[in-house]
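A look at the structure
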Amino acid sequence: MTIWLPDLSSGSGPLYLRLAERIEHDIDNGILASGAKLPPQRDLAYDIGVTIGTVGRAYALLRERGLVSGEVGRGTYVLERNGIQPSIIEPAPLPNEGSRPVEAPAGKLHFDSTAAPNVGQNSTIETITSAICRDFPDDVASYARNFPEHWFRAGSAWLGRNGFAPSPDTIVPTLGAHAAIVSIIAAVTQPGDFIVFEHLTYTQVARSAGLIGRRMALVRSDAHGIDPADFEAVCAQKHPKVAFLMPTVQNPTGATMPAERRAAIADVARRYNVLLIEDDLYGALTDDRTPLLAEFAPERVFVVGGLSKSVAAGVRGGWLSCPAHFRHSIRVAHKMVTGGMPYLLAELCAQLVLSGEAAAIRARSIAEINARLDIVRKTLAGCDFNIASNIPFVWLALPEPWNSGTFKNAAYGQGVLVDDEDEFKAGRSDQVFHRVRIGISAPRTRSEVEGGLIKLRRLLDEGDAGYDSFG
């Protein structure tokens, strides 16, 4: 396509949105025919006097609407629209669906989860839930439109540690940590914006961000977390709006970022005006005394936490603390993304925290996790793995000739589900780790944990013979 130029003389709103709507208008009216190639982003930006980022956002929005397709090296093309609605509409491919099955197969041992172990918390949850249904029947029967003040106090209490004491007026109650993070991204970025992720990370967030049109920018890490020099290079080249980080116990590597590294990351973020999401889910399990990242840059850090790893994942309870001026927009975004906060769950989470029951369950969970970690140390003695007290997963290095995917398949053949490294890659990465993550909190008993680890150890010890059997 070399002649067409969009007319942006009319319309209102951001330039990228006006550009996307003009292109959609021209597609609908046959000015841009099916199969037509749109101008390269750089050329169009020059011709109409906007930035490349504006054109990139517009093209990303058009892809999200199913109007165009784009391939690196080939360009962006208008998809066919013949006005005839097919009887079956094929779903668009999802960005990086991951390596786990959508539905977990039955009869397998789940070493692919790090949810809080079952320590009898159901009885406490039952008691509090029954009392809420008895005492607040009207609220339980309706939508949660007015949030009581103690919901915010509970979030402040749960997120606060190591000197970080967020004010209740910075708190947003959420349907778990994942919903909190996606709500932040939805509120502070636009389609086409870059978000920084480590090469290995909690990729459910990265996939969710890709699903709503955000783009990934990968940053390298070492044993102490993300590399400040590479982070600065990415910020200079990609101009990201947000970076997603797990400074205390990174998933899946288990790395914890020292204070000087956190200060360096905060300095880069401040100089390049990047907002930071600090996922502290695992931090709530640790005894680590390093100041939170939010202590170094309170004006730009969102702290996220919840109950899934330490109390009960099925409760779907979480909170985020944010710079005060973001609170309203994030509350709105959370409602739009999730449908709203259910009164029963929000009240349950608040009462669990404020009564001290959540802390008591967390203590029992930590004791059970550490007992299981002792089994790991004994069963996998001599193997190379990252392990940390109180943390319900192990990052296991694989000996020759195993690679991550092949070992995962071999473990599956033995009835054990583990996560290969691809499950944690936010995008196409040139880094290869030859590792798997083993979660030890989901099996019902310690004997099940030991039995599963023995199977994995047998695969490791079989070496070439085991690899050849499952390669």
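Check the entry above for the structure.
Everything quoted here is computed from the prediction, not taken from an experiment.

What follows concerns the environment of alanine 264. Counting through the fold element by element, alanine 264 comes out in helix H10 (residues 259-271). Distance from alanine 264 to phenylalanine 231, taken between C-alpha atoms, is 9.9 Å for residues 33 residues apart in sequence.

As a further point, take the environment of isoleucine 375. Turning to its location among the elements, isoleucine 375 is positioned in helix H13 (residues 357-379). Contact partners of isoleucine 375, with chain neighbours within four places excluded, come to Arg446, Val449, Glu450 and Leu453.

Glancing now at the sheet that holds strand S14 (residues 393-397). On the basis of which strands lie adjacent, the open sheet formed by four strands has the order S13-S14-S17-S16 and antiparallel pairing. Among the strands making up the open sheet, the edge pair consists of strand S13 (385-386) and strand S16 (419-420). In this structure, S13 lies alongside S14, joined through two bridges in antiparallel fashion. Considered in S14, the bridge of phenylalanine 385 is made with leucine 396.

Here we take up the packing of helix H7 (residues 176-188) against helix H11 (residues 327-338). If you want to describe how two helices pack, look at the angle between their axes and the distance between the axes. One way to put it is that H7 packs onto H11 with a least axis distance of 8 Å and a crossing angle of 115°. One way to sum up the angle between H7 and H11 is to call them roughly perpendicular. Relative to H11, the crossing made by H7 is right-handed. Contacts from Ala179, Val182, Ser183, Ile184, Ala186 and Ala187 of H7 reach H11 at Ser329, Ile330, Ala333, His334, Val337 and Thr338. Class assignment of the residues belonging to the contact of H7 with H11 gives a composition of eight nonpolar, four polar and no charged.

Since the α-helix advances by 3.6 residues per turn, residues separated by three or four positions end up pointing in the same direction. Its 13 residues give H7 an end-to-end C-alpha distance of 19 Å, which sits within 8% of 18 Å, the value for a rise of 1.5 Å per residue. A large share of H7 lies buried, amounting to 10 of its 13 residues. Within H7, burial applies to Gly176, Ala177, Ala179, Ala180, Ile181, Val182, Ser183, Ile184, Ile185 and Val188.

Time to look at unusual backbone geometry. Note that the residue after asparagine 251, namely proline 252, is joined by a cis bond; omega there is 20°. Within the secondary structure, proline 252 is located in the loop between strand S9 (242-245) and H10. Looking along the chain, the bond that leaves glutamate 400 and enters proline 401 is cis, with omega of 0°. In this model, arginine 316 sits at a positive phi of 55°, which is unusual for a non-glycine residue. Inspection of the secondary structure assignment puts arginine 316 in the loop between strand S11 (301-306) and strand S12 (318-321). Residue histidine 434 is not a glycine yet carries a positive backbone phi of 55°. Mapped onto the secondary structure, histidine 434 falls in the loop between S16 and strand S17 (435-439).

The final tally for this structure, using the stated rule, is nine aromatic pairs. Taking 5.4 Å as the distance between ring centres and 55° as the angle between the ring planes, the aromatic pair formed by tryptophan 151 and tyrosine 343 counts as tilted. Here tyrosine 343 lies in helix H12 (residues 343-354) and tryptophan 151 lies in helix H6 (residues 149-159), a separation of 192 residues in the sequence. Given the relative accessible area of 8%, tyrosine 343 is considered buried.

This paragraph deals with H12. The first and last C-alpha atoms of H12 sit 16 Å apart over 12 residues, in line with the 16 Å expected at 1.5 Å per residue. Looking at H12, one finds that the buried residues are Tyr343, Ala346, Glu347, Leu348, Cys349, Ala350, Leu352 and Val353. Buried residues belonging to H12 abut helix H4 (121-135), helix H5 (137-141), H6, S12 and H13. The first or second residue beyond H12 is glycine 356, which carries a positive phi of 90°.

Strand order in this open sheet of seven strands is S4-S12-S11-S10-S9-S5-S6, and the pairing throughout is mixed. In this open sheet, the two strands that pair with only one neighbour each are strand S4 (171-174) and strand S6 (215-219). Ignoring strand direction, the axes of neighbouring strands in this sheet form an average angle of 25°. In this sheet, S6 lies alongside strand S5 (residues 194-198) in parallel orientation, the contact comprising five bridges.

Conventions we followed
- Residues numbered from 1 in each chain as written.
- Predicted model: local features only at pLDDT ≥ 70, side-chain atom pairs only at ≥ 80, totals over all residues.
- Heavy atoms only, no water.
- Helix = DSSP H or I, 4+ residues; strand = E, 2+ residues; numbered from the N terminus.
- Contact = heavy atoms within 4.5 Å.
- Pairing = 2+ DSSP bridges.
- Axes fitted to C-alpha atoms, helices over the stretch in contact; angles between N-to-C directions.
- Parallel < 35°, antiparallel > 145°, perpendicular 65-115°, else oblique.
- Left-handed = near helix turned anticlockwise from the far one by under 90°.
- Nonpolar A, V, L, I, M, F, W, Y, C, P; charged D, E, K, R; others polar.
- Expected span 1.5 Å × (residues − 1).
- Buried < 20%, exposed > 50% of the residue type's maximum accessible area, 1.4 Å probe, protein only.
- Phe/Tyr/Trp six-rings, centres within 6.5 Å; stacked < 30°, edge-to-face > 60°.

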